[in-house]
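# A structural walkthrough
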Amino acid sequence: MLSFHPFYMLPMCNTVRWDTHCGAAYSMIYRFICDAPHQFGAMDAAPIPQSHSDIRAPGANDALVMMYSQARMLRDTMLPHVGGWSISEAILSTGQATADNLPAGLAELQYMMRVPTVAMAEQVCARLDALANNIAGLTGCRVERHWVCKSRPGLANHAIASMVWEQIQQVGAPVWSSEAKDLMRQVQQNCGMEADEDPILPACETLISPQDAEAILRESLPPNQLNSTSDDYTDMTWHTPTARFYIARPALKGGPYPPWAMNALGGMAQTIDPMVQVAAKVLACSALRLLEDNDVRAAAREEFLRRKAEHDIPPLCDYPAPIQFKWPEYVKTPRGADWHIPTSGGS
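Described in the following lines is the structure provided in the data block. (Residues numbered from 1 in each chain as written. Predicted model: local features only at pLDDT ≥ 70, side-chain atom pairs only at ≥ 80, totals over all residues. Heavy atoms only, no water.)

## Considerations on the overall build of the protein chain
Within the protein chain one finds 8 helices and 9 strands. When the 347 residues of the protein chain are sorted by exposure, 42% land in the buried category. Long-range contacts, defined here as pairs at least 24 residues apart, represent 80% of the contacts in the protein chain between residues at least 6 apart. When the accessible surface of the protein chain is summed, it comes to about 17,900 Å², and 57% of that surface belongs to carbon and sulfur atoms. For the protein chain, the distance from the average site of its 27 positive side-chain charges to the average site of its 37 negative ones is 2 Å. (Helix = DSSP H or I, 4+ residues; strand = E, 2+ residues; numbered from the N terminus. Buried < 20%, exposed > 50% of the residue type's maximum accessible area, 1.4 Å probe, protein only. Contact = heavy atoms within 4.5 Å. Areas by Shrake-Rupley, 256 points an atom, 1.4 Å probe, with all protein chains shown as cover. Lys, Arg positive; Asp, Glu negative; His and termini not counted. Charge placed at Lys NZ, Arg CZ, Asp CG, Glu CD.)

## Notes on the side chain of Thr 15
Locating Thr 15 in the fold gives a position in strand β2 (residues 15-16). On the basis of relative accessible area, Thr 15 is assigned to the buried category, the value being 0%. With near-sequence residues (within four places) excluded, Thr 15 lies in contact with Trp 165, Ile 168, Ile 208, Ser 209, Pro 210, Ala 213, Phe 245 and Tyr 246.

## Focus: the pattern of salt bridges
For the structure on display, the rule yields 18 salt bridges. Lys 150 serves as the salt-bridge partner of Asp 318, at 3.0 Å between the closest nitrogen and oxygen. Here Asp 318, found in the loop between α8 (294-310) and β8 (329-333), pairs with Lys 150, found in strand β6 (residues 142-151); they are 168 residues apart in sequence, far enough to count as distant. Lys 253 is the partner of Asp 196 in a salt bridge, and the nearest nitrogen-oxygen pair spans 3.8 Å. Taken as a pair, Asp 196 in the loop between α4 (178-190) and α5 (210-218) and Lys 253 in the loop between β7 (243-247) and α6 (259-265) lie far apart in primary sequence, 57 residues in all. Here the salt bridges share partners, and the residues they tie into one network are Arg 31, Asp 35, Glu 108, Arg 142 and Glu 144. (Salt bridge = Lys/Arg side-chain N within 4 Å of Asp/Glu carboxyl O.)

## Looking at unusual backbone geometry
Along the chain, Leu 10 connects to Pro 11 via a cis peptide bond; the corresponding omega equals 5°. Take Pro 11: it is sitting in the loop between β1 (2-6) and β2. One non-glycine residue, Asn 14, adopts positive backbone phi at about 55°. Along the chain, Asn 14 turns up in the loop between β1 and β2. Relative accessible area serves as the criterion here: at 0%, Asn 14 is assigned to the buried category.

## Topic: the sheet that holds strand β3 (residues 24-33)
Sheets are built from strands paired through backbone hydrogen bonds, the pairs being either parallel or antiparallel. Pairing is antiparallel in the open sheet, where 4 strands are placed in the order β4-β5-β3-β6. Of all strands in the sheet, those with a lone pairing partner are β4 (86-94) and β6, marking the two edges. Each neighbouring strand pair of the sheet contributes to a mean axis angle of 15°, computed without reference to strand direction. As paired strands, β3 and β6 are joined by 9 bridges and run antiparallel to one another. Counterpart to Met 28 in the pairing with β6 is Trp 147. The strands touched by helix α1 (residues 60-73) are β3, β4 and β5 (106-115); relative to β5, the strand with the most contacts, the crossing angle is about 20°. Taken strand by strand, helix α2 (residues 118-139) contacts β3, β4, β5 and β6, and its axis lies near 10° from that of β3. (Pairing = 2+ DSSP bridges. Axes fitted to C-alpha atoms, helices over the stretch in contact; angles between N-to-C directions.)

## A short note on α5
Here α5 has its buried residues at Pro 210, Ala 213, Glu 214 and Leu 217. Along the axis of α5, the buried residues cluster in a sector spanning 100°; they form a single face. Here the buried face of α5 lies against β2 and α3 (158-171). (Arc of directions from axis to C-beta.)

## A short note on the packing of aromatic side chains
What the rule picks out here adds up to 5 aromatic pairs. Geometrically, the ring pair formed by Tyr 8 and Tyr 246 is tilted, given 6.2 Å between the ring centres and 50° between the ring planes. Of this pair, Tyr 8 sits in the loop between β1 and β2 while Tyr 246 sits in strand β7; the two residues are 238 residues apart in sequence, bridging distant segments of the chain. Here Tyr 246 falls in the buried class, since its relative accessible area comes to 0%. On the numbers, 6.0 Å between centres and 75° between planes, the contact of Tyr 30 with Tyr 111 is edge-to-face. Of this pair, Tyr 30 sits in strand β3 while Tyr 111 sits in strand β5, placing them 81 residues apart in sequence. Under the relative-accessibility criterion, Tyr 30 is labelled buried at 2%. Between Lys 150 and the ring centre of Trp 147, over which it is positioned, the NZ or CZ distance is 4.5 Å. (Phe/Tyr/Trp six-rings, centres within 6.5 Å; stacked < 30°, edge-to-face > 60°. Lys NZ or Arg CZ within 6 Å of the ring centre and 35° of its normal.)

Structural data, given as structure tokens:
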């Protein structure tokens, strides 16, 4: 497999990953459902009158707020303070427009963890599961956990990475025209920065060998950490020899810049096409080489089987596709492009 990603962090720019591939990624949705609020507090089975002044279940919104805040408070105790890892969350739905005097019936909170190992991901999941179950009991809810993804850390393959690096050297780094750089200067000015005569980040126009990039990447990692960050290509590295390479997307000198600046440069043909064209050439040359070179294929396959036998991790995908959720949709309206949360279920 040939896996391309636009450059997004130094030193991964116009190069190929060598040893330190991306790590494990787990994501799940905790769905708090308050569908029996009348039973909250009814310990003696006596009927509870439902007036405005009576006790009522806190409901799904309270559960979500508690989960959000408590998980953040306990984050430092979920994993050791070594190795790069992160946990982030997104609120998908809250309350679902229930009346002000009724407990919210549904609230959903998604977590995403990016960790070096599967064991670390499982440890975080255990902490979050325990927290969700306790909070559900406190708020008169039940909780469901739905998987969005579980991926294994990436498996290196020097044979195929070396071959792709050869193609990158033949194609060369992207080159931006004077028109493209003029647009970059306009973005700098609109960010409140002084326009630079040569606004492009120097790394975007140079190549760095996989070994040199690896050495820089390892400077900030503990010696025993084998993987770092996460991305969705990693699971494929356990099915076939894989090269993960990066070509520079346009990035500006100086900063810091707001996120829209890089997004803007990624949305204009003059600034983004040089990356697309170089990546396409590298992919085409690499694919042709693999088709024609028996030795490269054999070396990549031998290394793949050897590394897989040494570090085998079974597949983790033991859950249905998360298509039933009301994911935000992009729509066209009389006002122009917009997005909304659909009222019906997923498809």
